[in-house]
Amino acid sequence: MAAQDQVSQVPEVKEVPPGFENAHADSAKYRAMYQESITDPDKFWGREGKRLDWITPYTKVKNTDFTFGHVQIKWFEDGVLNAAVNCVDRHLETRGEQTAIIFEPDDPETPAQHITYRELSEKVNRFANVLLSQGVMRGDRVVIYLPMIPEAAYAMLACARIGAIHSIVFAGFSPDALANRINDCGAKLVITADTAPRGGRRTPLKANADAALLHCSDKVRCLVVKHTGDQITWIDGRDVDVKAMMENVSPECPPRPMNAEDPLFILYTSGSTGKPKGVVHSTGGYLVYAAMTHQYTFDYHDGDVFWCTADVGWVTGHSYIIYGPLANGATTVMFEGVPTYPDAGRFWAVCEKHKVNQFYTAPTAIRALMGQGSEWVEKYDLSDLKVLGSVGEPINPEAWAWYDKYVGKGKCPIVDTFWQTETGGHMLTPLPGAIPTKPGSATRPFFGVKPVVLDPQTAVRQDETEAEGVLCIADSWPGQMRTVWGDHERFQETYFSQYKGYYFTGDGCRRDKDGYYWITGRVDDVINVSGHRMGTAEVESALVAHQAVAEAAVVGYPHELKGQGIYAYVTLMNDVEPSDELRKELEKWVRTEIGPIAKPDIIQWAPGLPKTRSGKIMRRILRKIAENDFGALGDISTLADPSVVDDLIANRGNA
Ligand code: 6R9
């Protein structure tokens with residue numbers, strides 16, 4: 001890092017930047033609105049729900065129960081609407097010629113596309129007719145395995161238009177991961193592209209889909225977007241050329257009236273167990289929440305250009321590239337590339353080129369760019385920026401201060417937004433102009449969110465202002481997930497069984513004297529690698545599926561750029577010798593089983609793992625060793641064989 005980039009002083013509190021105007025709420029208004037939102041949710045959300053267009057207006061607002069065994073979440077339950085109409089059709093009269101989506105391709109030499117709301121409407125209608133022509137009906141599942149191209153938006157909204165439930169699988173996932181998701185949700189169809197350019201390289205998406213479909217019912221159709229024109233194999237009768245079909249169908253497709261509680265999408269996410277969960281989001285509540293958080297958190301105003309750099313394969317892309325911005329009639333940027341291609345100035349070049357007003361990214365990207373030096377930022381005119389956002393993991397104060405100084409020039413509030421796939425939208429976040437920020441803290445709850453801090457062992461609620469423990473939420477909000485696809489028991493078990501009467505986030509937190517929340521990280525077996533969420537159990541089951549591996553234990557450890565890295569302790573079969581080749585083979589194996597993001601950073605050969613007498617692996621110890629914190633191993637006397645710990649310490653791997 002260049003010396004001048006050192007941000008010498010990280011402020012403890014950053015007041016609202018002077019001259020920051022046009023906020024949707026000031027401090028007093030925030031407090032009054034927040035108070036109403038938690039004391040009279042029916043009134044508050046009854047009013048907020050009207051930000052959408054309803055075919056049949058709701059008469060009931062909230063009907064929710066967090067009681068273990070009876071968990072049920074319903075919002076606006078008798079309302080009828082269509083999500084695509086809310087994101088597209090209703091804007092046609094007033095802003096048909098306004099750009100809805102700016103598509104910025106991977107290669108900076110390829111011109112950007114400006115897609116107006118009218119053009120978006122035609123594409124979505126045609127895409128919806130293609131889906132209908134393939135026999136997709138209301139309630140059917142459609143898996144989308146696409147790169148960051150406009151067709152991903154068309155496909156999502158086309159599903160919403162006809163009442164099909166989309167499930168996006170991140171294009172970085174492997175064929176196996178794709179097949180598992182297609183099978184778990186029983187998809188009728190998968191939508192993919194020939195190849196996906198990213199950072200100048202190409203991912204063979206169609207070939208991956210071909211490999212995945214070998215493990216799926218032969219009834220599953222494959223719609224292919226010919227994006228790059230690269231050569232691909234084609235199976236007649238199964239594969240369909242989407243772009244060609246779109247030309248041949250009607251540009252009009254009537255929207256299906258959907259119940260507010262009908263699922264809009266399923267998104268798979270990692271938990272503490274090996275199998276990813278299909279998180280189900282609703283049509284009405286989710287959309288109200290995505291639209292409202294997008295407006296307030298980013299202080300979005302009509303005419304603003306909004307850029308969220310996430311991939312549509314993650315929840316952040318769902319809520320803040322597509323559903324939130326489009327429901328608000330915004331101009332949203334879709335970027336196909338990566339922050340460092342062709343060079344470390346790309347983000348800022350795109351901000352300048354499209355006059356971006358709100359920019360939303362992950363701490364891992366900020367840290368990586370910070371390491372390249374501030375000269376990459378200073379080359380560009382960023383004077384249109386008004387608000388900067390952060391999401392995915394705690395942002396370290398140094399990265400916060402760099403973001404503030406070099407990107408925001410001290411005049412853009414930074415919104416550090418804490419939320420989850422399960423929550424649909426922001427849970428803890430400052431509101432620009434209303435809440436002074438503290439670097440590293442997600443500050444205060446969004447409207448309607450009632451955070452509580454519980455003692456992790458006793459589950460006793462910590463009511464003092466200053467408190468530390470696990471973060472739970474005491475009551476429902478409209479964007480909350482409704483169930484785990486096909487497994488309501490698992491939904492209750494995962495989120496409502498450990499701390500009765502509360503939704504358990506899985507995160508630890510601290511509340512300071514000013515009532516600000518500081519997320520301290522996951523308290524379960526979920527790790528956060530470059531803002532990507534991963535279950536350690538998933539990586540373990542991939543490793544033990546290899547014939548040379550007898551046992552594996554995976555933990556996270558602090559990693560300078562990624563936030564957390566993946567540390568795998570591997571016990572080999574008796575007759576197998578460790579070697580560098582085997583290490584490489586295992587890395588490759590995990591990449592193919594799950595995807596490149598799951599590749600272990602460190603593999604340590606472990607002749608034995610620390611276990612209790614009942615055979616439970618003591619991960620606490622493995623975490624400490626991975627963290628290089630040997631002094632704090634705690635009580636190891638309950639181990640069946642305490643000597644394995646010495647061996648693990650002596651052979652600790654290096655990053
Ligand atoms: C939106 C998203 C959720 C987990 C969550 C927490 C971590 C997200 C954060 C944050 C600290 C923030 N997390 N935002 N931690 N500060 N601003 O990231 O969803 O992929 O489901 O991950 O990410 O640990 O529980 P998801």
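Everything quoted here is computed from the prediction, not taken from an experiment. (Residues numbered from 1 in each chain as written. Predicted model: local features only at pLDDT ≥ 70, side-chain atom pairs only at ≥ 80, totals over all residues. Heavy atoms only, no water.)

## Focus: the pattern of salt bridges
- One pass over the full model with this rule turns up 40 salt bridges.
- Across the pair Glu36 and Lys43 runs a salt bridge whose closest N-O atoms are separated by 3.5 Å.
- Classification of Glu36 by relative accessible area gives buried; the value is 17%.
- Note that Asp184 is salt-bridged to Lys275, the shortest N-O span being 3.3 Å. With Asp184 in helix H7 (residues 175-185) and Lys275 in the loop between strand E14 (263-269) and strand E15 (277-282), this residue pair connects regions lying 91 residues apart in the sequence.
- Look at Asp184 and you get partly exposed, because its relative accessible area is 27%.
- In this structure, a network of salt bridges that share partners links the residues Lys206, Asp210, Arg238 and Asp239. (Salt bridge = Lys/Arg side-chain N within 4 Å of Asp/Glu carboxyl O. Buried < 20%, exposed > 50% of the residue type's maximum accessible area, 1.4 Å probe, protein only. Helix = DSSP H or I, 4+ residues; strand = E, 2+ residues; numbered from the N terminus.)

## Quick notes on the packing of helix H5 (residues 117-133) against helix H6 (residues 150-162)
- Direction vectors running N to C along H5 and H6 enclose 65 degrees, while the axes themselves pass 8 Å from each other. You can see that H5 and H6 cross each other, and the crossing is right-handed. Between H5 and H6, the contacting residues are Leu120, Lys123, Val124, Asn125, Phe127, Ala128, Leu131 and Leu132 on the first element and Glu151, Tyr154, Ala155, Leu157, Ala158, Cys159, Arg161 and Ile162 on the second.
- Looking at side-chain class alone, the contact of H5 with H6 contains 12 nonpolar, 1 polar and 3 charged residues. (Axes fitted to C-alpha atoms, helices over the stretch in contact; angles between N-to-C directions. Left-handed = near helix turned anticlockwise from the far one by under 90°. Contact = heavy atoms within 4.5 Å. Nonpolar A, V, L, I, M, F, W, Y, C, P; charged D, E, K, R; others polar.)

## Quick word on the environment of Gly408
- For Gly408, the position within the fold is in the loop between helix H15 (397-407) and strand E20 (414-417).
- Each residue touching Gly408, except ones within four places of it in the same chain, is listed here: Leu388 and Tyr403.

## Some thoughts on the site of the ligand
- Within the structure, the ligand sits among 17 residues, and Asp416, Thr417, Thr421, Asp507 and Arg533 are positioned closest to it.
- Between a nitrogen atom of the ligand and a main-chain N or O atom of Gly392, the distance comes to 3.1 Å.
- Between the ligand and the protein, one listed contact pairs a nitrogen atom with a side-chain N or O atom of Asp416 at 2.7 Å.
- Contact with the protein chains removes 95% of the 530 Å² of surface that the ligand exposes when unbound.
- Elements supplying a minimum of two residues to the shell around the ligand: helix H11 (315-327), E20 and strand E25 (517-522). (Near = heavy atom within 4 Å. Polar contact = N/O pair within 3.5 Å; in protein donor to acceptor, adjacent residues only side chain to side chain. Areas by Shrake-Rupley, 256 points an atom, 1.4 Å probe, with all protein chains shown as cover.)

## Remarks on the UniProt feature "domain: AMP-binding enzyme C-terminal" (unreviewed entry) in the chain
- Taking the UniProt record as the reference, the feature "domain: AMP-binding enzyme C-terminal" (unreviewed entry) is found at residues 538-616.
- What you have in residues 538-616 is 27% helix and 32% strand, and the ends, taken at the C-alpha atoms, are 17 Å apart. (UniProt positions renumbered as here; feature names shortened; annotations may be inferred.)

## Some points on the sheet that holds strand E12 (residues 239-241)
- On the basis of which strands lie adjacent, the open sheet formed by 8 strands has the order E12-E11-E8-E6-E7-E14-E15-E23 and mixed pairing. Among the strands making up the open sheet, the edge pair consists of E12 and strand E23 (483-484).
- Bridge count for strand E8 (residues 189-193) against strand E11 (residues 221-225) is 5 bridges, and the pairing is parallel. Bridge assignment links Leu189 to a residue of E11, and that residue is Arg221.
- The sheet strands contacting H7 are strand E6 (141-145), E8 and E14, and the helix crosses E6 at an angle near 165 degrees.
- Most of the contacts of H11 go to E14, to which it runs at about 145 degrees, and overall it touches strand E7 (165-168) and E14. (Pairing = 2+ DSSP bridges.)

## Some remarks on the sheet that holds E25
- Pairing is antiparallel across the open sheet formed by 4 strands, whose spatial order is E21-E22-E24-E25. Where the open sheet ends on each side, the last strands, each with one partner, are strand E21 (451-454) and E25. Ignoring strand direction, the axes of neighbouring strands in this sheet form an average angle of 45 degrees.
- Where strand E22 (residues 467-473) meets strand E24 (residues 503-511), 6 bridges bridge the pair, whose relative direction is antiparallel. If you follow Cys472 over to E24, its bridge partner there is Phe504.

## Considering the packing of aromatic side chains
- Taken as a whole and assessed by the stated rule, the structure comprises 42 aromatic pairs.
- When the centroid spacing of 5.0 Å and the interplanar angle of 85 degrees are considered together, the rings of Phe44 and Trp45 count as edge-to-face.
- Its relative accessible area of 1% is what places Trp45 among the buried residues.
- On the numbers, 6.3 Å between centres and 70 degrees between planes, the contact of Phe335 with Phe347 is edge-to-face. With Phe335 in strand E17 (residues 331-335) and Phe347 in helix H12 (residues 346-354), the pair connects residues that are 12 residues apart, well separated along the chain.
- By relative accessible area, which is 4% here, Phe335 ends up buried.
- A connected cluster of aromatic rings, assembled from ring pairs, spans Tyr30, Tyr34, Phe44, Trp45, Trp54, Tyr58, Trp75, Phe76, Tyr289, Tyr296, Phe446 and Phe447.
- Over the ring of Phe173 we find Arg181, and its NZ or CZ is 4.6 Å from the ring centre.
- Geometry around Trp234 places Lys226 over its ring, the cationic atom sitting 4.8 Å from the centre. (Phe/Tyr/Trp six-rings, centres within 6.5 Å; stacked < 30°, edge-to-face > 60°. Lys NZ or Arg CZ within 6 Å of the ring centre and 35° of its normal.)

## Some remarks on the domain arrangement of the chain
- On domain assignment, one finds that the chain holds domain 1 (27-510) and domain 2 (530-651).
- Computed from C-alpha coordinates alone, the two centres of domain 1 and domain 2 are separated by 32 Å.
- Counting residues at the interface gives 21 residues for domain 1 and 19 residues for domain 2.
- Around 1,400 Å² of area is buried between domain 1 and domain 2 when both sides are counted, 47% of it from carbon and sulfur atoms. (Domains from an automatic or database assignment. Buried area = accessible area lost by both parts, 1.4 Å probe.)

## Digging into the packing of H7 against helix H8 (residues 205-213)
- Between H7 and H8, whose axes approach to 8 Å, the crossing angle comes to 55 degrees. Put simply, H7 runs oblique to H8. Remark: the crossing between H7 and H8 carries right-handed chirality. For the pair formed by H7 and H8, the contact residues are Pro175, Leu178, Ala179 and Ile182 on the first element and Asn208, Ala209, Ala211, Ala212 and Leu213 on the second. (Parallel < 35°, antiparallel > 145°, perpendicular 65-115°, else oblique.)

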